[in-house]
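The residues making up each chain are set out below.
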Amino acid sequence: MDFKDKVVLITGASGGIGACCALHFAKLSAKLALVGRNEEKLKEVIDQCENISGDKPLKIIADISVEDDNNRIVTETINFFGKIDVLVNNAGMVLMAGLMDDITNYDRISATNIRGTYLLTQHAIPHLIETKGNIVIVSSILSTVPLPALMPYCMTKAALDMFTKCVALEMAPKGVRVNSVNPGPVATNLFIAAGVSDDLNKGLYDNMKESMPLRKIATGEDIANMVVFLASDSASCITGSFHVMDCGLHLGDPVLRA
Ligand SMILES: NC(=O)c1ccc[n+]([C@@H]2O[C@H](COP(=O)([O-])OP(=O)(O)OC[C@H]3O[C@@H](n4cnc5c(N)ncnc54)[C@H](OP(=O)(O)O)[C@@H]3O)[C@@H](O)[C@H]2O)c1
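The structure contained in this document is the topic of the report that follows. (Residues numbered from 1 in each chain as written. Predicted model: local features only at pLDDT ≥ 70, side-chain atom pairs only at ≥ 80, totals over all residues. Heavy atoms only, no water.)

1. Examining the sheet that holds strand β7 (residues 242-245)
Alright, step 1. Strands sit in the order β3-β2-β1-β4-β5-β6-β7 across an open sheet of seven strands; the sheet is parallel. The sheet terminates laterally at β3 (58-61) and β7, the two strands that pair on one side only. Across this sheet, the average inter-strand angle for adjacent strands is 15 degrees, counted without regard to direction.
Alright, step 2. Across five bridges, the pairing between strand β5 (residues 134-138) and strand β6 (residues 177-183) is parallel. By the bridge assignment, V136 is partnered in β6 with N179. (Pairing = 2+ DSSP bridges. Helix = DSSP H or I, 4+ residues; strand = E, 2+ residues; numbered from the N terminus. Axes fitted to C-alpha atoms, helices over the stretch in contact; angles between N-to-C directions.)

2. Some thoughts on the site of the ligand
Alright, step 1. The ligand sits among 31 residues. The nearest are S14, R37, N38, Y153 and T188.
Alright, step 2. Contacts to the ligand include R37, whose side-chain N or O atom sits 2.8 Å from an oxygen atom.
Alright, step 3. A distance of 3.3 Å separates an oxygen atom of the ligand from a polar atom in the backbone of L190.
Alright, step 4. Protein contact buries 94% of the 890 Å² of open area that the ligand shows by itself.
Alright, step 5. Of the residues contributing to the shell around the ligand, the split by class is twelve nonpolar, 15 polar and four charged. (Near = heavy atom within 4 Å. Polar contact = N/O pair within 3.5 Å; in protein donor to acceptor, adjacent residues only side chain to side chain. Areas by Shrake-Rupley, 256 points an atom, 1.4 Å probe, with all protein chains shown as cover. Nonpolar A, V, L, I, M, F, W, Y, C, P; charged D, E, K, R; others polar.)

3. Points about helix α1 (residues 16-27)
Alright, step 1. Its twelve residues place the ends of α1 17 Å apart at the C-alpha level, agreeing with the 16 Å of an ideal helix rising 1.5 Å per residue.
Alright, step 2. Counting buried residues in α1 gives nine out of twelve residues, a clear majority hidden from the surface.
Alright, step 3. By the burial criterion, the buried members of α1 are I17, G18, A19, C20, C21, A22, L23, F25 and A26.
Alright, step 4. Among the structural elements, β1 (7-11), β2 (31-36), α2 (39-53), β4 (86-89), β6 and α7 (220-231) are those in contact with the buried residues of α1.
Alright, step 5. Immediately beyond the C-terminal end of α1, within one or two residues, lies S29, with a positive phi of roughly 65 degrees. (Expected span 1.5 Å × (residues − 1). Buried < 20%, exposed > 50% of the residue type's maximum accessible area, 1.4 Å probe, protein only. Contact = heavy atoms within 4.5 Å.)

4. Here we look at the nonpolar core
Alright, step 1. Among the nonpolar cores identified, the biggest contains 34 residues, and F3, V8, I10, F25, L32, L34 and V227 are the most heavily contacted of them.
Alright, step 2. Elements represented by at least two residues in this core include exactly β1, α1, β2, α2, β4, β5 and α7.
Alright, step 3. Per-element tally for this core: the top contributor is α1, with eight residues.
Alright, step 4. For L32, the contacting residues outside a window of four places in its chain are V8, I10, A22, F25, A26, C49, P57, L58 and F81. (Core = buried A, V, L, I, M, F, W, Y, C linked by side-chain atoms within 4.5 Å.)

Geometry only, nothing functional implied.
Next comes the structure, spelled out in structure tokens:
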């Protein structure tokens, strides 16, 4: 598998799963356009990618919840590389909120997880049609497993799954594939960005490991493997599909079921 001469645009590349995707694509010689808001963190990932592939990725500081930034992300990528082969819609956020919490939680999270992804995809799609490229969306197992304490988050991921299916069907005749990866827990800064302390975050993920049927959780690299596979020609017959990587979380606890 090799992405030589392929242009891969990744959002949320400044950390976590997006950074792992960037490093994996760099190993496969992709030309990278990397998007994040935190310039220092994004630069670190860019330097690591350059060390791996010898090619310096394009750095795009942008917030996908800001309407104009989505247009600019695509324009800067096209101005620099002339095309887009793969769009990885990975940027996302979580908020601890349920039904009784303020509705602005829903507005904030939708602006990034749904509206930002929707707008960026709209801007990128003419270029993906030209290259007969593909899109990989980083959704979540919480698109189908309800967690009331994260209700707006679960709702945004469910919306993304339907977005994946509709866009896949609309774009199939044009040769553009669209798929999602639906991770279970992955130890990243997702909850830290939502205000959880480092210690609590570590404790949360350690506890989750113990409650997974496989008694472990996936790493960012595990998720990146799946993203890269879906973006590759090896997945040329796969579109509109969700790819769950959750160490069995969706099955429930085997001890309780036994
Ligand atoms: N970690 C998990 O347990 C888990 C499980 C299932 C699904 N996911 C999904 O995986 C994706 C990546 O999350 P992660 O776990 O890697 O978390 P993370 O470490 O917090 O990384 C999130 C990335 O998204 C970027 N981002 C967030 N909001 C953005 C915005 N409005 N505009 C541009 N970039 C934005 C962040 O950029 P800056 O840091 O530069 O602001 C960061 O690079 C998310 O869609 C998340 O929902 C995560």
